[in-house]
Amino acid sequence: MAAPEPPPEGSRPLSALLGAIAQAAFQGSAAGPEEQLRAQLYPEAPPEEFRALRAKMGGLLQSIASADMDLNQLEAFLTAQTKKQGGITSDQAAVIAKFWKNHRTQIHESLISQSCWDNVLKNMNWRVDLKSQLRHIDQINTPVAIVEMELGKNGQESEFLCLEFDEAKLSQMLKKLSEIEESMTLLTQTT
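Report on the accompanying structure.

Rules of the game
Residues numbered from 1 in each chain as written. Predicted model: local features only at pLDDT ≥ 70, side-chain atom pairs only at ≥ 80, totals over all residues. Heavy atoms only, no water. Pairing = 2+ DSSP bridges. Helix = DSSP H or I, 4+ residues; strand = E, 2+ residues; numbered from the N terminus. Axes fitted to C-alpha atoms, helices over the stretch in contact; angles between N-to-C directions. Contact = heavy atoms within 4.5 Å. Parallel < 35°, antiparallel > 145°, perpendicular 65-115°, else oblique. Left-handed = near helix turned anticlockwise from the far one by under 90°. Nonpolar A, V, L, I, M, F, W, Y, C, P; charged D, E, K, R; others polar. Buried < 20%, exposed > 50% of the residue type's maximum accessible area, 1.4 Å probe, protein only.

### Some thoughts on the sheet that holds strand β3 (residues 159–165)
The strands making up a sheet are joined through hydrogen bonds of the backbone, oriented either antiparallel or parallel. Read from one edge of the open sheet, three strands run β1-β2-β3, paired in antiparallel fashion. Only two strands of the sheet have a single partner each, and these edge strands are β1 (120–130) and β3. Across the sheet, the mean angle from the axis of one strand to that of its neighbour is 20°, orientation sign disregarded. Relative to strand β2 (residues 143–152), β1 is paired through ten bridges, and the arrangement is antiparallel. By the bridge assignment for β2, W126 is matched with V147. Contacts from helix α6 (residues 167–188) reach β2 and β3, with the element oriented near 115° to β3.

Below is the structure:
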């Protein structure tokens, strides 16, 4: 059994650079000062060369992430980048592919989280109650739907919204939700 191939020369610094870029771009963490990154990862590279490498890798990672490329798309994209004038080397392409394979889910989830501008529905509970005490005797024992919705953003405290529907209001709400569903179905159908 043959020993696994050692990683290409320079793959660790490039992988670390991609990690720093991803943290800054997709997770909101500071990547650290450019000079500090250069000193740690590419101490022999002149500042202009490092800046260009960082910008190139950042642009590639942004393109890959915004398209949420699967492995086939990624392979085609990186192959095109290696053939392009001033593109990347095949060793760099291999490091990028490995990095994306290992971090795609985290980056995708982070982008989804960042793209939610407002609260989202986290949970919903409901029950049906019978009214037992009212001013008017004819409204006693009428069913009402109680709907409790938990709204919020990930990592933040939730808000709760409690709604009460009589039969007519519930029918109206269900009709509107049905219209929304039809609209979404029309938009997502592939022809």
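### Quick look at the packing of helix α3 (residues 47–66) against helix α5 (residues 90–115)
At a minimum axis separation of 10 Å, α3 and α5 run at an interaxial angle of 55°. Taken together, the axes of α3 and α5 are oblique relative to one another. The crossing of α3 and α5 is right-handed. Between α3, through L53, M57, L60, L61, I64 and A65, and α5, the contact on the second element is made entirely by Q92, I96, F99, W100, I107 and L111. Of the residues contributing to the contact of α3 with α5, the split by class is eleven nonpolar, one polar and no charged.

### Side note on unusual backbone geometry
One non-glycine residue, D68, lies in positive phi territory at about 45°. Along the chain, D68 turns up in the loop between α3 and α4 (71–83). Assessed through its relative accessible area of 23%, D68 is described here as partly exposed.

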